[in-house]
Amino acid sequence: MTILIVYASIEGQTRKIARFVEDHLKDQNCNVRVVDAGDKTVSVSFDDVDKVILAASVHERRHPKPFEVFLGAHRKELAEKETLLLSVSLSAAFPEGLAEAREYVVEMNMRTEMTPDRELYVAGAVRTSQYDYYARQVLRHVVLRGKDFDPGVDEYEFTDWDALAKDVSSFVASTPSAA
C-alpha cells in the first residue's frame, strides 16, 4: 500500500508528527511519500497512491495558507482518494477545546471546498523559546488559561504518540466505504 503524507508545519511539531507517521507506516511495510505543502518546488503525484494523510498545524484559528492552497488546488485528486486529516492544535490537547478544534477544520473545509474522509484532532506542542513577548502572553492568559500547565516551560509536547499510531493504523487498515 502506498500512502502520501502532505503536511504543513509552522513551529516543527506537525513536521515531527508527519515523520513519526511516516516511520510508523514504514514499520507496517507501507510505501510512504512525504510532501511539505509549503515547498513550492516539489511536484506531487497521486499516481499509485492508495490513501492520503494530510497534516497541518493551527495558528490563530487557521491552518497554514500553503496547506489550504494545496487542498484547494488538488481537491479533485484528493476526492478520488481516501483521506485522513490530522489537524494539530493546542485546543485538541484539552477536552473543553475539542469543539473549537472542530471549528478550525469546518472553516478550512469551507475555504478549500475540500472535506477529508476522516478527521483526527491531534494535540500539538508549546515552544515557548520561539515566541515573542506578545505570543507568550497570549499563550499564558488565553490559550492555556486555567490549564494544568506551567507556561514557563520552554518546550512541552501534548501529542499522544501511542493514540496517534493507533488511529493512523486504523485508517490505513480500513476498507473504503462505497459511495
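Residues numbered from 1 in each chain as written. Predicted model: local features only at pLDDT ≥ 70, side-chain atom pairs only at ≥ 80, totals over all residues. Heavy atoms only, no water.

Colleague: Got a minute to help me understand the packing of helix α1 (residues 13-27) against helix α6 (residues 161-173) in this structure?
Modeller: Pairs of packed helices are described in terms of their axes, by the angle between the two and the distance that separates them. In the contact formed by α1 and α6, the axes pass within 10 Å of each other and the chain directions differ by 55°. Here α1 lies oblique to α6, going by the angle between them. When you trace α1 past α6, the crossing you get is right-handed. Within the contact between the two elements, α1 uses Q13, K16, I17, F20, V21, H24 and L25 and α6 uses W161, L164, A165, V168, S169 and V172. In terms of residue class, the contact of α1 with α6 is made up of nine nonpolar, three polar and one charged. (Axes fitted to C-alpha atoms, helices over the stretch in contact; angles between N-to-C directions. Helix = DSSP H or I, 4+ residues; strand = E, 2+ residues; numbered from the N terminus. Parallel < 35°, antiparallel > 145°, perpendicular 65-115°, else oblique. Left-handed = near helix turned anticlockwise from the far one by under 90°. Contact = heavy atoms within 4.5 Å. Nonpolar A, V, L, I, M, F, W, Y, C, P; charged D, E, K, R; others polar.)

Colleague: Quick question: what am I supposed to make of the pattern of salt bridges here?
Modeller: Evaluation of the coordinates by the stated rule reveals 10 salt bridges. A salt bridge links E103 to R61; the nearest nitrogen and oxygen atoms lie 3.0 Å apart. One end of the pair, E103, is in helix α4 (residues 98-112); the other, R61, is in the loop between β3 (51-57) and α2 (65-73), with 42 residues separating them in the sequence. The exposure class assigned to R61 is partly exposed, which follows from its relative accessible area of 32%. Between E107 and R61 there is a salt bridge, with the nearest N and O atoms lying 2.9 Å from each other. Residue E107 is found in helix α4, and its partner R61 is found in the loop between β3 and α2; the two are separated by 46 residues along the sequence. (Salt bridge = Lys/Arg side-chain N within 4 Å of Asp/Glu carboxyl O. Buried < 20%, exposed > 50% of the residue type's maximum accessible area, 1.4 Å probe, protein only.)

Colleague: Please explain the nonpolar core as it appears in this structure.
Modeller: Most often, soluble globular proteins have nonpolar side chains that are buried together. Formed by 21 residues in total, the largest nonpolar core has its most connected members in I17, V21, L25, I53, L86, L164 and V168. Counting residues per element, the ones that place at least two in this core are β1 (2-8), α1, β3, β4 (82-89), β5 (118-123) and α6. Look past the residues within four positions of I53 in its chain and what remains in contact with it is I3, L4, I5, V6, V21, L25, L84, L86, V168 and F171. If you look at the next biggest cluster of nonpolar residues, it comprises 19 residues, including A8, F67, F70 and M114. (Core = buried A, V, L, I, M, F, W, Y, C linked by side-chain atoms within 4.5 Å.)

Colleague: Quick question: what am I supposed to make of the side chain of Q13 here?
Modeller: You can see Q13 is positioned in helix α1. For Q13, a relative accessible area of 6% translates into the label buried. The residues touching Q13, leaving out its near neighbours within four places in the chain, are G124, A125, R127, E157, T159 and W161.

Colleague: Could you clarify how one ought to interpret α6 in this entry?
Modeller: One turn of the α-helix equals 3.6 residues, which is why residues spaced by three or four share an orientation. In a regular helix each residue adds 1.5 Å, so 13 residues correspond to 18 Å; α6 covers 18 Å between its end C-alpha atoms and thus fits that length. Listing the buried residues of α6 in full gives W161, L164, A165, V168, S169, F171 and V172. Buried residues along α6 cover an arc of 160° about the axis, so they all sit on one side. Seen from the open side of α6, the exposed residues pointing more than 90 degrees away from its buried face are D162, K166 and A173. The residue sitting at the N-terminus of α6 and contributing the capping side-chain oxygen is D160; that oxygen lies 3.3 Å from the backbone nitrogen of D162. (Expected span 1.5 Å × (residues − 1). Arc of directions from axis to C-beta. Polar contact = N/O pair within 3.5 Å; in protein donor to acceptor, adjacent residues only side chain to side chain.)

Colleague: Would you take a moment to explain the sheet that holds β5 for this structure?
Modeller: Working definition: the strands of a sheet are paired by backbone hydrogen bonds and lie parallel or antiparallel to each other. Within the open sheet, the five strands sit side by side as β2-β1-β3-β4-β5. Their pairing is parallel. Either end of the sheet is taken by a strand with one partner, and the two such strands are β2 (31-36) and β5. Going from strand to strand, the sheet's axes swing by 20° on average, the running direction of each strand aside. Pairing of β4 with β5 involves six bridges; the strand directions are parallel. Residue pairing across strands places S89 opposite A123, the latter belonging to β5. (Pairing = 2+ DSSP bridges.)

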